[in-house]
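# Structural description and commentary
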Amino acid sequence: VSKAIMSRYNTLQADLRYDCFLTEGDSYRWQFSSGLDYTLKDDEYLSPQSEFSYSAVGAQVQARRQFLLGSSSLAWIGTSARVRKALGSLYSYSGVRSESRVVKEWYPHDLSIYASDYLTLALDLGYSHTLKEGISLGVKASAKYLASSSARSRSFIDAGVFLEF
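Reference entry: report on the structure contained in this document. (Residues numbered from 1 in each chain as written. Predicted model: local features only at pLDDT ≥ 70, side-chain atom pairs only at ≥ 80, totals over all residues. Heavy atoms only, no water.)

## Brief notes about the overall build of the protein
Scanning the protein from N- to C-terminus turns up one helix and seven strands. Relative to a compact globule of 165 residues, whose C-alpha radius of gyration would be 15 Å, the protein shows 22 Å and is clearly more extended. Reported as C-alpha extents along the three principal axes, the dimensions of the protein are approximately 65 × 30 × 30 Å. The buried share among the 165 residues of the protein stands at 24%. When contacts within the protein are restricted to residue pairs at least 6 apart in sequence, those whose partners lie at least 24 apart make up 54%. Here the protein displays about 11200 Å² of accessible surface, and carbon together with sulfur accounts for 58% of that area. Here the protein carries 18 positive and 17 negative side-chain charges, and the mean point of each set is 4 Å from the other. (Helix = DSSP H or I, 4+ residues; strand = E, 2+ residues; numbered from the N terminus. Rg over C-alpha atoms; globule rule 2.2 N^0.38 Å. Buried < 20%, exposed > 50% of the residue type's maximum accessible area, 1.4 Å probe, protein only. Contact = heavy atoms within 4.5 Å. Areas by Shrake-Rupley, 256 points an atom, 1.4 Å probe, with all protein chains shown as cover. Lys, Arg positive; Asp, Glu negative; His and termini not counted. Charge placed at Lys NZ, Arg CZ, Asp CG, Glu CD.)

## A look at the pattern of salt bridges
Counted under the stated rule, the structure contains eight salt bridges. Glu24 is the partner of Arg29 in a salt bridge, and the nearest nitrogen-oxygen pair spans 2.8 Å. Judged by its relative accessible area of 16%, Arg29 is buried. Classification of Glu24 as partly exposed rests on a relative accessible area of 46%. Among the charged side chains, a network of salt bridges with common partners joins Arg8, Asp42 and Glu44. (Salt bridge = Lys/Arg side-chain N within 4 Å of Asp/Glu carboxyl O.)

## Points about the packing of aromatic side chains
Applying the stated criterion across every chain yields a total of ten aromatic pairs. Centre to centre, the rings of Tyr54 and Tyr114 are 4.6 Å apart; their planes meet at 5°, and the pair counts as stacked. You can see Tyr54 sitting in strand S3 (residues 49-69) and its partner Tyr114 sitting in helix H1 (residues 101-114), a full 60 residues away along the chain. Judged by relative accessible area, which is 9%, Tyr54 ranks as buried. Using a relative accessible area of 36% as the deciding quantity, one classes Tyr114 as partly exposed. Judged by centre distance (5.5 Å) and plane angle (20°), the ring pair of Tyr91 and Tyr107 falls under stacked. Separated by 16 residues along the polypeptide, Tyr91 in strand S4 (residues 73-93) and Tyr107 in helix H1 bring together distant segments of the chain. Taking relative accessible area as the criterion, Tyr107 reaches 32% and is therefore assigned partly exposed. Clustering of aromatic rings is evident, with ring pairs tying together Phe52, Tyr54, Tyr91, Tyr107 and Tyr114. (Phe/Tyr/Trp six-rings, centres within 6.5 Å; stacked < 30°, edge-to-face > 60°.)

## Concerning the pairing of strand S1 (residues 7-24)
Successive side chains on a regular strand alternate, one facing one side of the sheet and the next facing the other. Pairing of S1 with strand S2 (residues 27-46) involves 18 bridges; the strand directions are antiparallel. Bridging from a neighbouring strand, Leu16 pairs with Leu36 of S2. Counting the residues between successive antiparallel strands, the hairpin from S1 to S2 contains two residues, one of them, Gly25, with a positive phi of roughly 70°. (Pairing = 2+ DSSP bridges.)

## Here's the deal with a nonpolar patch on the surface
Nonpolar side chains collect at one region of the surface, where Phe67, Leu69, Ile77, Leu123, Leu125, Tyr127, Leu131, Leu137, Val139, Val161, Leu163 and Phe165 lie side by side and expose about 1100 Å² of accessible area between them. Secondary structure elements with two or more residues in the nonpolar patch: S3, strand S5 (118-132), strand S6 (135-148) and strand S7 (154-164). With four residues, S5 is the largest single contributor of residues to the nonpolar patch. Note on placement: Phe67 falls in strand S3. Note on Phe67: relative accessible area 35%, which makes it partly exposed. (Patch = residues over 30% accessible without salt bridge, like charges linked within 9 Å, V, L, I, M, F, W, Y side chains within 5 Å.)

## What about the sheet that holds S2?
Pairing is antiparallel across the open sheet formed by seven strands, whose spatial order is S1-S2-S3-S4-S5-S6-S7. This sheet does not close on itself; its edge strands, each paired only once, are S1 and S7. Averaged over all pairs of adjacent strands, the angle between strand axes in this sheet comes to 15°, irrespective of strand direction. Looking at chain direction, S5 and S6 are connected through 14 bridges and run antiparallel. (Axes fitted to C-alpha atoms, helices over the stretch in contact; angles between N-to-C directions.)

And the structure:
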């Protein structure tokens, strides 16, 4: 590795979140969340001369409802939405090997993701049963929809089984 390579990296992330829980007894029935965020990434590579930067703002809201099913079971349903707006981006490279795959494909691809606007909608479901004190077994599933300015819209479905102890 050359000792002549110098770089400057700047990252700024600011988040503002608010969570509200409506409780009943020892647990909550409803959870409401909202948030705003700002991201700025500004990397400058001095040798070879190149720059990779982007900035974006985002907002999200979430609601979740828990249901107690007897003394040892719990079910929940939740929904969320997140929107992100890119404010600007830049990628430039003026070094050697400017036709390499990393320079021509990988960095531009990464920047297209970081600099895209998107909307995400999600629905979460779950069930948990307490086997004994401190040990629970459960199942959960989620469905997500992603609409992005840089790619076609996509839908995702995840499911799983979990053991908490």
